[in-house]
Every structure is written in structure tokens, then in C-alpha cells.
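Residues per chain, in single letters:
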Amino acid sequence: MEFVPYRHKVQYYETDAMRIVHHSNYIRFMEEARCDLMEQMGYSYGRLEAMGFGIPVLGVSCDYTHMSRFGDVLVIGVEVTKLSPTRMTIAYEIHDDATGELRATGETRHCFLSSAGHPISLKREAPEAFEYFRLLLREPEQLP
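Not measured: the values here are computed from a predicted model.

### A closer look at the pairing of strand β1 (residues 6-9)
Step number 1: The alternating pattern of β1 places Tyr6 and His8 on a buried face, while none of Arg7 and Lys9, on the opposite face, is buried.
Step number 2: In terms of strand pairing, β1 meets strand β4 (residues 73-83) through 4 bridges, oriented antiparallel. Bridge pairing in β4 links tyrosine 6 to isoleucine 76.

Structure, rendered in C-alpha cells:
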């Protein structure tokens with residue numbers, strides 16, 4: 001399955017007094033890219049919620065390598081690195097579109113919950129959605 005990389009044009013309000021993207025915005029950029037990928041898969045957050053479950057963020061990390069500034073276009077790669085029936089880890093690489101320079105890397109950790117807030121097995125409750133995430137795995141043989 002082929003996905004179009006997510007692109008984000010840095011807006012002025014996303015910068016700080018030095019006209020550099022404020023570090024907190026990279027977390028937003030990762031969420032935008034994750035949501036875009038899920039929509040491309042056909043399993044948007046809205047669809048998953050309508051199916052009766054969610055994928056909350058348990059943890060997030062981001063390492064910054066170079067500054068981004070107002071007007072830069074960033075390309076954000078998204079890849080599932082770990083997947084179990086109840087949890088998932090997603091990795092991100094943020095590059096400058098014009099130069100290819102790596103600007104940041106990050107990771108989010110998620111679990112699968114019912115609409116009542118109870119842990120579920122996505123593999124059992126929504127096997128077709130689980131299969132889509134499995135297809136995104138960096139190394140599918142890691143799947144339990």
C-alpha cells in the first residue's frame with residue numbers, strides 16, 4: 001500500500017520570538033501526519049470512534065536536529081515500529097522539503113481502548129483495522 005507523505009507549511013504563529021518553530025509544535029506536526037496517514041488508510045480517528053474504540057497517546061518524545069522557520073515546508077514520514085493487539089508505537093521523521101535536511105525525529109506510544117475507556121484487543125475487536133496497522137510495520141515479522 002502506497003501513502004502520500006504528509007506536508008506541513010510552517011505558519012508564522014508556530015514560531016517563537018526568534019522566528020524559529022517552537023518545539024511544542026513538532027508534537028502537533030506528528031499528530032497531523034498520523035491523522036493524515038490514518039485517513040489515507042481508511043481508518044480515521046472519527047471512523048475508529050464510530051466503531052467504538054480509540055487510540056490515545058500514552059507517551060511522546062521528540063529529538064530536534066535542526067531549526068525550522070516560518071515558510072519552510074516540512075515532510076513528515078510516519079512508520080509503525082511496534083504493534084501488539086493492545087498497543088502500538090509510531091516513529092516520525094521530519095525533513096525539510098526543499099533540502100531534505102532532517103529537522104526532527106519522534107515517537108508516540110498508543111494503546112487501544114473501548115469507548116468506555118477499557119483496554120481492548122484491536123486484533124480481536126477490529127481485525128481489519130489491525131491488519132492495516134500491521135501493513136505499516138517497519139518489520140512485520142515482529143508481530144506476535
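Now that the structure is up, let's keep going.
### A closer look at the pattern of salt bridges
Step number 1: Per the counting criterion, the structure on display carries 6 salt bridges.
Step number 2: Taking the shortest distance from any N to any O, the salt bridge between arginine 103 and glutamate 101 comes out at 2.8 Å.
Step number 3: The class for arginine 103 is buried, based on a relative accessible area of 6%.
Step number 4: Glutamate 101 sits in the partly exposed class, given a relative accessible area of 29%.
Step number 5: In this structure, the salt-bridge partner of arginine 134 is glutamate 131, at a minimum N-O distance of 2.6 Å. One end of the pair, arginine 134, and the other, glutamate 131, are both in helix α4 (residues 127-135), 3 residues apart, so they sit about a helical turn from each other.
Step number 6: In this structure glutamate 131 comes out as partly exposed when scored by relative accessible area, which is 32%.

### Structural notes on unusual backbone geometry
Step number 1: Backbone geometry at arginine 19 places phi at a positive 65 degrees, although glycine is not the residue there.
Step number 2: Here arginine 19 lies in the loop between β1 and α1 (24-41).

### Here we look at the packing of aromatic side chains
What characterises a pair of aromatic rings is the spacing of the ring centres plus the angle enclosed by the ring planes.
Step number 1: Across all of its chains, the model carries 5 aromatic pairs by this definition.
Step number 2: Seen in terms of ring centroids, tyrosine 26 and tyrosine 64 are 5.2 Å apart; in terms of plane orientation they differ by 65 degrees. Their pairing is edge-to-face. One end of the pair, tyrosine 26, is in helix α1; the other, tyrosine 64, is in strand β3 (residues 57-64), and 38 residues separate them in sequence.
Step number 3: Taking the relative accessible area as the measure of exposure, tyrosine 26 reaches 3% and is therefore buried.
Step number 4: Under the relative-accessibility criterion, tyrosine 64 is labelled partly exposed at 40%.
Step number 5: An aromatic cluster is built from Tyr26, Phe29 and Tyr64, whose rings are joined through pairwise contacts.
Step number 6: The ring of tyrosine 43 carries arginine 47 above its face, with NZ or CZ at 4.1 Å from the centroid.

Conventions and cut-offs
- Residues numbered from 1 in each chain as written.
- Predicted model: local features only at pLDDT ≥ 70, side-chain atom pairs only at ≥ 80, totals over all residues.
- Heavy atoms only, no water.
- Buried < 20%, exposed > 50% of the residue type's maximum accessible area, 1.4 Å probe, protein only.
- Helix = DSSP H or I, 4+ residues; strand = E, 2+ residues; numbered from the N terminus.
- Pairing = 2+ DSSP bridges.
- Salt bridge = Lys/Arg side-chain N within 4 Å of Asp/Glu carboxyl O.
- Phe/Tyr/Trp six-rings, centres within 6.5 Å; stacked < 30°, edge-to-face > 60°.
- Lys NZ or Arg CZ within 6 Å of the ring centre and 35° of its normal.

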